[in-house]
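Given next are the chains, with one letter for each unit.
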Amino acid sequence: EISCSLVGSEMCIRDRGDTVEKYINEYIRPRLQGDGGEITYVGRDGGEVTVLLQGECSKCLILDRCLAWIEERIEHDLGEKVRVVGIRKKPYFQDK
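First things first, this report covers the structure right here in the doc. (Residues numbered from 1 in each chain as written. Predicted model: local features only at pLDDT ≥ 70, side-chain atom pairs only at ≥ 80, totals over all residues. Heavy atoms only, no water.)

**Describing the environment of R29**
Turning to its location among the elements, R29 is positioned in helix α1 (residues 20–33). When the C-alpha positions of R29 and Y41 are compared, they lie 9.6 Å apart, and in sequence the two are 12 residues distant. Setting aside chain neighbours within four positions, we find R29 in contact with I24, E38, I39 and T40. At 2.7 Å, the side chain of R29 forms a polar contact with the side chain of E38. (Helix = DSSP H or I, 4+ residues; strand = E, 2+ residues; numbered from the N terminus. Contact = heavy atoms within 4.5 Å. Polar contact = N/O pair within 3.5 Å; in protein donor to acceptor, adjacent residues only side chain to side chain.)

Written as structure tokens, this is what we have:
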């Protein structure tokens, strides 16, 4: 579990063995789920993180801005500079 503390309105997470995968699952995912989206960590190749986007995220018109926001949060909270690549997948009800 990610250890967090609140400083002002920002959540600060310092590197204590936390991984980008845990960060996406425990910090980013709930925020996207609140808007009907879903994000799943797929993998990492060096400085490139791949995620699967479903639900509302699969048809979002501002997905590039969201991916840039995720990159900024990872850099700010974990101190890692990564590029986040999103793979869009049909909404759940179409996944068959």
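So much for the structure itself; the text now carries on.
**Some thoughts on the sheet that holds strand β4 (residues 48–55)**
The pairing of strands in a sheet happens through backbone hydrogen bonds and is either parallel or antiparallel. Ordered by their spatial adjacency, 3 strands build an open sheet running β3-β4-β5, and the pairing between neighbours is mixed. The sheet is open, and its two edges are formed by β3 (37–45) and β5 (83–88), each paired on a single side. Sheet twist, expressed as the mean angle between neighbouring strand axes with direction ignored, is 30°. Note: β4 against β5, 6 bridges, orientation parallel. Note on β5: the bridge partner recorded for L53 is R88. Seen against the sheet, α1 touches β3 and β4 and runs at an angle of roughly 160° to β3. Sitting on the sheet, helix α2 (residues 63–78) is in contact with β3, β4 and β5, with an inclination near 140° to β5. (Pairing = 2+ DSSP bridges. Axes fitted to C-alpha atoms, helices over the stretch in contact; angles between N-to-C directions.)

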